[in-house]
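Listed below, chain by chain, are the residues.
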There are 2 protein chains.
Amino acid sequence: MPVKRGYNDCIKTIIPVRDFLDVMSGKWKFPIIVSIGVGNDRFVDIQESIPGITPKVLAKELKELEKHQLIKRTVLSEYPVKIIYTHEPYADTLTPIIYAMKDWGINHRKKVIGT
Amino acid sequence: MPVKRGYNDCIKTIIPVRDFLDVMSGKWKFPIIVSIGVGNDRFVDIQESIPGITPKVLAKELKELEKHQLIKRTVLSEYPVKIIYTHEPYADTLTPIIYAMKDWGINHRKKVIGT
DNA sequence: TAAATCACTTTCCTTTTGGAAAGCACTATA
DNA sequence: TATAGTGCTTTCCAAAAGGAAAGTGATTTA
(Lines give C-alpha, C1' and ligand atoms only; values in the text may rest on other atoms or scores of the structure.)
Protein backbone atom coordinates (compact mmCIF):
# COMPACT_ATOMS: atom_id res chain seq x y z
CA MET A 1 0.00 0.00 0.00
CA PRO A 2 1.23 3.46 -0.81
CA VAL A 3 2.92 5.38 1.93
CA LYS A 4 1.35 8.72 2.68
CA ARG A 5 3.44 11.50 1.38
CA GLY A 6 3.60 15.19 2.02
CA TYR A 7 5.58 17.94 0.44
CA ASN A 8 8.51 19.55 2.15
CA ASP A 9 8.01 23.16 3.02
CA CYS A 10 10.44 25.49 1.32
CA ILE A 11 8.38 28.64 1.51
CA LYS A 12 10.98 30.42 3.64
CA THR A 13 13.36 30.32 0.73
CA ILE A 14 10.83 30.73 -2.05
CA ILE A 15 9.28 33.93 -0.67
CA PRO A 16 12.51 35.96 -0.55
CA VAL A 17 13.68 34.53 -3.87
CA ARG A 18 10.43 35.70 -5.42
CA ASP A 19 10.73 39.09 -3.73
CA PHE A 20 14.09 39.36 -5.43
CA LEU A 21 12.70 38.24 -8.79
CA ASP A 22 9.82 40.72 -8.55
CA VAL A 23 12.37 43.53 -8.55
CA MET A 24 15.12 42.19 -10.77
CA SER A 25 13.57 39.83 -13.30
CA GLY A 26 13.74 40.42 -17.02
CA LYS A 27 16.38 40.51 -19.65
CA TRP A 28 17.76 44.00 -19.19
CA LYS A 29 17.96 45.14 -15.55
CA PHE A 30 21.23 43.46 -14.67
CA PRO A 31 22.98 44.55 -17.86
CA ILE A 32 21.87 48.13 -17.13
CA ILE A 33 23.11 47.97 -13.53
CA VAL A 34 26.43 46.59 -14.77
CA SER A 35 26.77 49.28 -17.41
CA ILE A 36 26.10 52.12 -14.99
CA GLY A 37 28.45 50.42 -12.53
CA VAL A 38 31.42 50.66 -14.89
CA GLY A 39 30.79 54.35 -15.38
CA ASN A 40 28.30 54.74 -18.20
CA ASP A 41 26.07 57.51 -16.92
CA ARG A 42 24.46 58.91 -20.09
CA PHE A 43 21.41 57.43 -21.81
CA VAL A 44 23.12 56.89 -25.13
CA ASP A 45 26.26 55.48 -23.54
CA ILE A 46 24.27 52.93 -21.61
CA GLN A 47 22.33 52.10 -24.75
CA GLU A 48 25.47 51.58 -26.81
CA SER A 49 27.09 49.44 -24.16
CA ILE A 50 24.27 46.90 -24.15
CA PRO A 51 23.92 45.05 -27.45
CA GLY A 52 20.36 44.90 -28.71
CA ILE A 53 18.65 47.21 -26.24
CA THR A 54 16.24 49.76 -27.72
CA PRO A 55 15.62 53.25 -26.33
CA LYS A 56 12.05 52.35 -25.42
CA VAL A 57 13.09 49.41 -23.31
CA LEU A 58 16.01 51.27 -21.77
CA ALA A 59 13.77 54.18 -20.74
CA LYS A 60 11.25 51.85 -19.17
CA GLU A 61 13.82 49.86 -17.25
CA LEU A 62 15.62 52.97 -16.00
CA LYS A 63 12.33 54.20 -14.55
CA GLU A 64 11.77 50.93 -12.74
CA LEU A 65 15.29 50.84 -11.36
CA GLU A 66 14.85 54.41 -10.16
CA LYS A 67 11.54 53.50 -8.53
CA HIS A 68 13.27 50.72 -6.60
CA GLN A 69 15.98 53.14 -5.46
CA LEU A 70 18.75 51.32 -7.26
CA ILE A 71 19.74 54.21 -9.48
CA LYS A 72 19.44 57.98 -9.41
CA ARG A 73 18.52 60.29 -12.29
CA THR A 74 20.14 63.71 -12.22
CA VAL A 75 19.47 66.56 -14.62
CA LEU A 76 22.39 68.83 -15.40
CA SER A 77 21.24 72.08 -17.00
CA GLU A 78 24.12 72.63 -19.32
CA TYR A 79 24.17 72.71 -23.04
CA PRO A 80 23.20 70.28 -24.25
CA VAL A 81 21.06 69.28 -21.31
CA LYS A 82 22.62 66.26 -19.70
CA ILE A 83 20.93 63.62 -17.70
CA ILE A 84 23.11 61.29 -15.76
CA TYR A 85 22.30 57.99 -14.17
CA THR A 86 24.30 56.79 -11.20
CA HIS A 87 24.12 53.97 -8.73
CA GLU A 88 22.39 54.50 -5.42
CA PRO A 89 24.25 52.74 -2.61
CA TYR A 90 21.50 50.12 -2.66
CA ALA A 91 22.70 48.93 -6.07
CA ASP A 92 25.91 47.74 -4.44
CA THR A 93 23.95 45.09 -2.57
CA LEU A 94 23.47 43.42 -5.97
CA THR A 95 27.20 43.05 -6.56
CA PRO A 96 27.53 39.57 -5.02
CA ILE A 97 24.64 38.35 -7.18
CA ILE A 98 26.13 39.86 -10.31
CA TYR A 99 29.45 38.15 -9.69
CA ALA A 100 27.72 34.86 -8.96
CA MET A 101 25.70 35.12 -12.19
CA LYS A 102 28.78 36.10 -14.16
CA ASP A 103 30.79 33.16 -12.85
CA TRP A 104 27.93 30.81 -13.58
CA GLY A 105 27.54 32.17 -17.10
CA ILE A 106 31.24 31.81 -17.85
CA ASN A 107 31.22 28.24 -16.62
CA HIS A 108 28.00 27.45 -18.46
CA ARG A 109 29.37 28.68 -21.76
CA LYS A 110 32.45 26.50 -21.29
CA LYS A 111 30.20 23.55 -20.54
CA VAL A 112 27.94 24.10 -23.53
CA ILE A 113 30.78 24.68 -25.99
CA GLY A 114 32.71 21.79 -24.53
CA THR A 115 29.83 19.37 -25.08
CA MET B 1 32.58 72.88 -26.52
CA PRO B 2 31.37 69.43 -25.67
CA VAL B 3 33.97 66.92 -24.65
CA LYS B 4 33.94 63.78 -26.72
CA ARG B 5 32.52 60.94 -24.77
CA GLY B 6 32.58 57.23 -25.19
CA TYR B 7 30.92 54.43 -23.35
CA ASN B 8 32.80 52.13 -21.09
CA ASP B 9 32.93 48.58 -22.29
CA CYS B 10 31.30 46.10 -19.94
CA ILE B 11 30.58 43.38 -22.46
CA LYS B 12 32.76 40.87 -20.61
CA THR B 13 30.35 40.97 -17.73
CA ILE B 14 27.16 41.43 -19.70
CA ILE B 15 27.67 38.39 -21.96
CA PRO B 16 27.96 35.82 -19.15
CA VAL B 17 25.19 37.48 -17.16
CA ARG B 18 22.94 37.15 -20.19
CA ASP B 19 24.01 33.55 -20.71
CA PHE B 20 22.88 32.94 -17.17
CA LEU B 21 19.59 34.78 -17.70
CA ASP B 22 18.90 32.85 -20.91
CA VAL B 23 18.82 29.65 -18.86
CA MET B 24 17.39 30.79 -15.55
CA SER B 25 15.14 33.76 -16.16
CA GLY B 26 11.45 33.69 -15.38
CA LYS B 27 9.27 33.49 -12.38
CA TRP B 28 9.31 29.78 -11.67
CA LYS B 29 12.67 28.11 -12.34
CA PHE B 30 14.36 29.04 -9.08
CA PRO B 31 11.36 28.15 -6.93
CA ILE B 32 11.26 24.75 -8.66
CA ILE B 33 14.97 24.17 -8.14
CA VAL B 34 14.58 25.10 -4.48
CA SER B 35 11.58 22.83 -4.02
CA ILE B 36 13.32 19.82 -5.54
CA GLY B 37 16.39 20.69 -3.49
CA VAL B 38 14.56 20.31 -0.20
CA GLY B 39 13.31 16.90 -1.24
CA ASN B 40 10.11 17.37 -3.17
CA ASP B 41 10.48 14.86 -5.96
CA ARG B 42 6.90 14.25 -7.11
CA PHE B 43 4.99 16.46 -9.53
CA VAL B 44 2.14 17.19 -7.15
CA ASP B 45 4.46 17.80 -4.20
CA ILE B 46 6.45 20.34 -6.16
CA GLN B 47 3.22 21.93 -7.31
CA GLU B 48 1.84 22.22 -3.79
CA SER B 49 5.08 23.62 -2.42
CA ILE B 50 5.06 26.59 -4.80
CA PRO B 51 2.12 28.93 -4.24
CA GLY B 52 0.32 29.85 -7.42
CA ILE B 53 2.01 27.53 -9.89
CA THR B 54 -0.27 25.70 -12.32
CA PRO B 55 0.37 22.21 -13.70
CA LYS B 56 0.80 23.57 -17.20
CA VAL B 57 3.55 25.94 -16.18
CA LEU B 58 5.20 23.39 -13.92
CA ALA B 59 5.30 20.78 -16.70
CA LYS B 60 6.82 23.27 -19.13
CA GLU B 61 9.47 24.48 -16.70
CA LEU B 62 10.43 20.95 -15.65
CA LYS B 63 11.07 20.11 -19.30
CA GLU B 64 13.31 23.14 -19.72
CA LEU B 65 15.26 22.41 -16.57
CA GLU B 66 15.72 18.84 -17.73
CA LYS B 67 16.90 20.07 -21.14
CA HIS B 68 19.56 22.17 -19.43
CA GLN B 69 20.68 19.17 -17.36
CA LEU B 70 19.75 20.74 -14.07
CA ILE B 71 17.23 18.07 -13.08
CA LYS B 72 16.58 14.46 -13.94
CA ARG B 73 13.23 12.79 -14.59
CA THR B 74 12.99 9.17 -13.52
CA VAL B 75 10.06 6.82 -14.08
CA LEU B 76 9.45 4.23 -11.38
CA SER B 77 7.24 1.42 -12.64
CA GLU B 78 5.35 0.74 -9.46
CA TYR B 79 1.70 1.11 -8.77
CA PRO B 80 0.73 3.82 -9.10
CA VAL B 81 3.42 4.78 -11.60
CA LYS B 82 5.72 7.28 -9.99
CA ILE B 83 7.81 9.87 -11.66
CA ILE B 84 10.47 11.52 -9.60
CA TYR B 85 12.45 14.64 -10.24
CA THR B 86 15.87 15.03 -8.70
CA HIS B 87 18.75 17.45 -8.97
CA GLU B 88 21.56 16.74 -11.35
CA PRO B 89 24.92 17.71 -9.83
CA TYR B 90 24.89 20.75 -12.11
CA ALA B 91 21.98 22.19 -10.12
CA ASP B 92 24.30 22.54 -7.15
CA THR B 93 26.25 25.19 -9.02
CA LEU B 94 23.19 27.39 -8.58
CA THR B 95 23.30 27.18 -4.79
CA PRO B 96 25.46 30.29 -4.25
CA ILE B 97 23.13 32.29 -6.45
CA ILE B 98 20.06 31.03 -4.63
CA TYR B 99 21.52 32.02 -1.26
CA ALA B 100 22.52 35.41 -2.61
CA MET B 101 19.02 36.00 -3.98
CA LYS B 102 17.43 34.79 -0.77
CA ASP B 103 19.56 37.11 1.38
CA TRP B 104 18.80 40.00 -0.91
CA GLY B 105 15.07 39.26 -0.81
CA ILE B 106 15.02 39.06 2.98
CA ASN B 107 16.85 42.37 3.25
CA HIS B 108 14.66 43.98 0.61
CA ARG B 109 11.47 43.02 2.41
CA LYS B 110 12.83 44.54 5.61
CA LYS B 111 13.73 47.68 3.73
CA VAL B 112 10.33 47.99 2.06
CA ILE B 113 8.34 47.30 5.20
CA GLY B 114 10.63 49.53 7.21
CA THR B 115 10.03 52.48 4.89
C1' DT C 1 16.72 79.66 -41.08
C1' DA C 2 18.57 75.10 -40.97
C1' DA C 3 20.89 71.55 -38.80
C1' DA C 4 22.52 69.12 -34.88
C1' DT C 5 22.38 67.16 -30.20
C1' DC C 6 20.22 64.76 -26.47
C1' DA C 7 16.96 62.11 -24.23
C1' DC C 8 13.67 60.13 -24.86
C1' DT C 9 8.31 58.95 -26.68
C1' DT C 10 5.00 57.03 -29.76
C1' DT C 11 2.94 53.69 -32.66
C1' DC C 12 2.29 49.33 -34.16
C1' DC C 13 3.22 44.81 -34.01
C1' DT C 14 4.94 40.00 -32.57
C1' DT C 15 6.41 36.87 -29.09
C1' DT C 16 6.50 35.10 -24.62
C1' DT C 17 4.58 34.21 -20.34
C1' DG C 18 1.03 33.21 -17.36
C1' DG C 19 -3.51 31.45 -15.84
C1' DA C 20 -8.27 28.95 -15.32
C1' DA C 21 -10.62 24.98 -16.17
C1' DA C 22 -11.30 20.77 -17.97
C1' DG C 23 -9.81 16.47 -19.81
C1' DC C 24 -6.95 12.24 -20.56
C1' DA C 25 -4.39 7.71 -20.10
C1' DC C 26 -3.00 4.37 -17.26
C1' DT C 27 -3.54 1.07 -13.48
C1' DA C 28 -5.60 -1.06 -9.61
C1' DT C 29 -8.80 -1.73 -6.23
C1' DA C 30 -13.80 -2.02 -4.32
C1' DT D 1 -18.41 -1.51 -13.57
C1' DA D 2 -17.26 2.50 -11.00
C1' DT D 3 -13.94 5.05 -8.66
C1' DA D 4 -9.46 6.81 -7.26
C1' DG D 5 -4.66 8.18 -7.83
C1' DT D 6 -0.85 10.11 -10.63
C1' DG D 7 1.08 13.03 -13.93
C1' DC D 8 0.28 15.36 -16.84
C1' DT D 9 -2.11 17.79 -21.63
C1' DT D 10 -5.35 20.69 -23.99
C1' DT D 11 -7.94 24.74 -24.95
C1' DC D 12 -8.77 29.29 -24.71
C1' DC D 13 -7.53 33.59 -23.39
C1' DA D 14 -5.19 37.87 -21.18
C1' DA D 15 -1.25 40.34 -19.91
C1' DA D 16 3.48 41.47 -20.17
C1' DA D 17 7.67 41.83 -22.57
C1' DG D 18 10.16 42.93 -26.45
C1' DG D 19 11.31 45.13 -31.00
C1' DA D 20 11.51 48.29 -35.35
C1' DA D 21 11.07 52.66 -36.92
C1' DA D 22 9.91 57.14 -36.77
C1' DG D 23 8.95 61.29 -34.30
C1' DT D 24 9.26 65.06 -30.60
C1' DG D 25 10.79 69.21 -28.07
C1' DA D 26 14.09 72.06 -26.24
C1' DT D 27 18.29 74.36 -27.24
C1' DT D 28 22.17 76.20 -29.58
C1' DT D 29 25.35 76.75 -33.09
C1' DA D 30 26.47 77.68 -38.08
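The paragraphs below set out a description of the structure included in this document. (Residues numbered from 1 in each chain as written. Chains lettered and ligands numbered in written order. Predicted model: local features only at pLDDT ≥ 70, side-chain atom pairs only at ≥ 80, totals over all residues. Heavy atoms only, no water.)

**Quick word on the pairing of strand β2 (residues 82-87) of chain A**
Residue and element names in this part refer to chain A.
So, step 1. Where strand β1 (residues 71-76) lies against β2, 6 bridges are found, and the strand directions are antiparallel. If you follow Thr-74 over to β2, its bridge partner there is Ile-84.
So, step 2. As consecutive antiparallel partners, β1 and β2 are separated by 5 residues. (Pairing = 2+ DSSP bridges. Helix = DSSP H or I, 4+ residues; strand = E, 2+ residues; numbered from the N terminus.)

**Observations concerning the protein's contact with DNA strand C**
So, step 1. Neighbouring DNA strand C are 20 residues; Arg-42, Arg-73 and Tyr-85 of chain A together with Lys-27 and Lys-56 of chain B lie closest to it.
So, step 2. Considering DNA strand C, the proportion of its atoms within 4 Å of the protein that are sugar or phosphate atoms stands at 63%.
So, step 3. A distance of 2.9 Å is found between a phosphate oxygen of DNA strand C and a side-chain nitrogen or oxygen belonging to Arg-42 of chain A.
So, step 4. Taking Tyr-85 of chain A, its side chain carries an N or O atom lying 2.4 Å from a phosphate oxygen of DNA strand C. (Near = heavy atom within 4 Å. Polar contact = N/O pair within 3.5 Å; in protein donor to acceptor, adjacent residues only side chain to side chain.)

**Thoughts on the interface of chain A and chain B**
So, step 1. Taken together, the 50 residues of chain A in the interface contact 50 residues of chain B.
So, step 2. Counting across the chain A and chain B interface gives 2 salt bridges.
So, step 3. The partner of Arg-109 of chain A in a salt bridge is Asp-19 of chain B, with the nearest N and O atoms 2.6 Å apart.
So, step 4. Of all elements in the fold, only α1 (11-24), α2 (29-37), α3 (43-49) and α5 (95-114) of chain A reach the threshold of two or more residues within the side of chain A that touches chain B.
So, step 5. Residue composition of the side of chain A that touches chain B, by class: 26 nonpolar, 13 polar and 11 charged. (Contact = heavy atoms within 4.5 Å. Salt bridge = Lys/Arg side-chain N within 4 Å of Asp/Glu carboxyl O. Nonpolar A, V, L, I, M, F, W, Y, C, P; charged D, E, K, R; others polar.)

**Describing the nonpolar core**
So, step 1. Of all hydrophobic cores here, the largest spans 60 residues; its most connected members are Phe-20, Ile-32 and Leu-94 of chain A together with Phe-20, Ile-32 and Leu-94 of chain B.
So, step 2. Counting only elements with at least two residues in this core, the list comes to α1, α2, α4 (55-67) and α5 of chain A together with α1 (11-24), α2 (29-37), α4 (55-67) and α5 (95-114) of chain B.
So, step 3. Discounting residues that sit within four places of it in the chain, Leu-94 of chain A has contacts with Phe-20, Met-24, Phe-30, Ile-33 and Leu-70 of chain A together with Trp-104 of chain B. (Core = buried A, V, L, I, M, F, W, Y, C linked by side-chain atoms within 4.5 Å. Buried < 20%, exposed > 50% of the residue type's maximum accessible area, 1.4 Å probe, protein only.)

**Observations regarding the relation of the copies chain A and chain B**
So, step 1. For the pair chain A and chain B, the relating rotation is 180°, the translation along its axis is 0.0 Å, and the fit reaches an RMSD of 0.1 Å. Look at the turn and shift together and you get a two-fold axis relating the two. Minimal C-alpha separation from the rotation axis in chain A is found for Ile-97 of chain A, amounting to 3.1 Å.
So, step 2. When the interface residues of chain A are mapped onto chain B, 100% of them again lie at the interface, so the same face is used by both copies. (Least-squares fit on C-alpha atoms with pLDDT ≥ 70 in both.)

Worth remembering: the numbers are spatial, not functional.
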